[in-house]
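# Inside the fold
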Amino acid sequence: MVLALLGGKDVRHAELAARFPGSAHNASVIRRVERFFDRHPIQPADVARVILTLLPSAQPREFILDRTNWKYGQTDVNVLLLAVIWRGVAIPLLYELLPHGGGSHTEIRHTLMDDALCLLCAAEIRVLYADREFVGYDWIQGLACRGIPICVRLRSDTLMDDWTAKDWLSRLQTGTAGLLVEDTLVYGQPMNVVLTHTQDGEALVIASNAGAVTTIQTRYRRRFLIECLFRALKSKGFQLEGTHMTLHDHVERLLCLLTLTYTWCVLVGVTLDCPKKAHGRRAWSVVKMGLRELVRSLSRESTRLCDLIDLLMPSQTNSPESVGY
């Protein structure tokens, strides 16, 4: 199934079946694919254990929480996803299918984080990045009780001590880049807060109880890595939104397959040399380079394919090193 995903870069059953070996009729192979998504015992927690083994890290890990959704007809497919950052790339780790459209409930988020704590201890989590959707007293207090530090963007009406973030921003003097507020209560937890404006004039308020206040804004930019992940799973990669599946168990199994496939692309991509553009960034992403190399090796039945398969063996995985996305 992973090889079919790589070859077709498409999650639809017919596209997967077209890349299966053998002489069986296409309808039979499609039925085989359908049975996989209907019955296979693959579980996100089992895949997550494999992923953490393949992505070694001597330091506490950084995580990102976000949500992605799409519609098939009138049906909402809504995924709450926890990603881990490794060598400058966000990689899917755990996910919850939401039973509705729109935002997630605090209980579901806590369940997802509890699942993560079954795989690693709180001391191995350096920080959890999250956007304005993931705020609230019970949510922040729950993370604090679990020992999980957070770096989150706040809404302008969020209370910081006795003032809202909007009130704090009104104190900014003309020409001042931003405001740093240390050790202020946010949802009942002492946090450091950075307040400034985006280039469009929108309020940008970031709070964290992890790390120095002077680095909060810089570190929060890493949250954008999950947007790169979503693009790679959707329009720029495997066309996830093209699936006709809406049952939660089926979509969950598909995400398990995509997680394995995506991780393999990353493991291959970080081994390749990439030219740099004039501004110093990579010409292509790690994921895109890995995907191209895997597709090329599969299509040509290259002898290099054995080396690429070896990357899926933990003993062959390289030591961590930041390369950027």
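Please refer to the structure placed before this passage.
Our subject in this report is the structure included herewith. Keep in mind it's a predicted model, so treat the numbers as computed, not measured.

Turning next to empty space enclosed by the protein. Within this structure, the stated rule accounts for two cavities of 30 Å³ or more. The computed volume of the second largest cavity comes to approximately 30 Å³. Along its surface, the second largest cavity is lined by Thr68, Trp70, Val79, Leu81, Phe230, Leu233, Lys234, Leu240 and Leu255. For the lining of the second largest cavity, the secondary-structure elements that each account for two or more residues are strand E1 (61-72), strand E2 (75-86) and helix H9 (225-233). Its residues assigned to classes, the lining of the second largest cavity comprises seven nonpolar, one polar and one charged.

Here the second largest pocket is characterised by a volume of approximately 370 Å³. Taken together, 14 residues line the second largest pocket, and the ones lying closest to its centre are Arg153, Thr198, Leu204, Tyr220 and Arg221. Contributions of two or more residues to the lining of the second largest pocket are made by strand E10 (203-208) and helix H8 (216-220). Tallied by class, residues from the lining of the second largest pocket come to four nonpolar, four polar and six charged.

It is worth spelling out the side chain of Gln141 at this point. Assignment of secondary structure puts Gln141 in helix H6 (residues 137-146). Side-chain polar atoms of Gln141 contact the backbone oxygen of Gly188, separated by 3.3 Å. Those residues in contact with Gln141 that lie beyond four places of it in its chain are Tyr187, Gly188 and Gln189.

Ordered in space as E3-E2-E1-E4-E5-E10-E9-E8, the eight strands form an open sheet in which the pairing is mixed. Both edges of this open sheet fall to strand E3 (89-98) and strand E8 (178-186), since each of them pairs with a single strand only. The average undirected angle you get between the axes of adjacent strands in this sheet is 25°. By the bridge criterion, three bridges tie strand E4 (residues 125-130) to strand E5 (residues 150-154) in an arrangement that is parallel. Pairing of Leu128 across the sheet is with Ile150, part of E5. Together, E1, E2, E3 and E4 form the strand contacts of helix H5 (residues 106-117), whose direction differs from that of E3 by roughly 130°. Each of E2 and E3 touches helix H10 (residues 248-269); the most contacted strand, E3, lies at about 175° to it.

Once that is clear, we can look at a positive patch on the surface. A cluster of like positive charges, contributed by Lys9, Arg231, Lys236, Lys288 and Arg292, occupies part of the molecular surface. As for its position among the elements, Arg292 is in helix H11 (residues 286-300). According to the relative accessible area criterion, Arg292 is partly exposed, its value standing at 40%.

Cut-off values and rules
Every chain is numbered independently, its residues counted from 1 as its sequence is written. At least 70 in pLDDT is required for a residue's local features to be given in this predicted model, at least 80 for side-chain atom pairs to be given and counted, and no such filter applies to totals for whole chains, interfaces and linings, which use all residues. Side-chain metrics rest on all non-hydrogen atoms present in the structure, leaving aside hydrogens and water. Here a cavity is any set of points on a 1 Å grid over the protein atoms alone where a 1.4 Å probe fits but cannot get out, and a pocket is any open set with protein on both sides within 12 Å along at least 5 of 7 lines; a residue lines the site when it has an atom within 4 Å of a point. Grid points are joined across faces, edges and corners, and a volume is the space filled by probe spheres set on the points. Each helix corresponds to a stretch of at least 4 residues labelled H or I by DSSP, and each strand to a stretch of at least 2 residues labelled E; elements are numbered beginning at the N terminus. Residue classes follow a fixed rule: Ala, Val, Leu, Ile, Met, Phe, Trp, Tyr, Cys and Pro count as nonpolar, while Asp, Glu, Lys and Arg count as charged, and any other residue, Gly among them, counts as polar. We define a polar contact as two N or O atoms separated by no more than 3.5 Å, with the added condition that, inside protein, one atom must be a possible hydrogen donor and the other a possible acceptor, whereas residues neighbouring each other in sequence contribute only through side-chain atom pairs. Residues count as neighbours in contact if any of their non-hydrogen atoms are within 4.5 Å of one another. Between any two strands, at least two bridges found by DSSP are needed for them to pair. All axes are obtained by fitting lines to C-alpha atoms, using only the stretch in contact for helices, and the reported angles, taken between N-to-C directions, cover 0 to 180 degrees. Without a salt bridge and with relative accessible area above 30%, a residue can belong to a patch; like charges are then joined within 9 Å and nonpolar side chains (Val, Leu, Ile, Met, Phe, Trp, Tyr) within 5 Å. In short, Shrake-Rupley with a 1.4 Å probe defines the accessible areas, and a residue's cover is counted only from the protein chains shown. The salt bridge criterion pairs a side-chain nitrogen of Lys or Arg with a carboxyl oxygen of Asp or Glu, the two atoms within 4 Å. Just so you know, the count uses Lys and Arg for positive and Asp and Glu for negative, and it drops His and the chain ends. By convention, the charge on Lys lies at NZ, on Arg at CZ, on Asp at CG and on Glu at CD. Burial here depends on accessible area, computed with a 1.4 Å probe over protein chains only, as a share of the maximum for the residue type. Under 20% is buried, over 50% is exposed, and the range in between is partly exposed.

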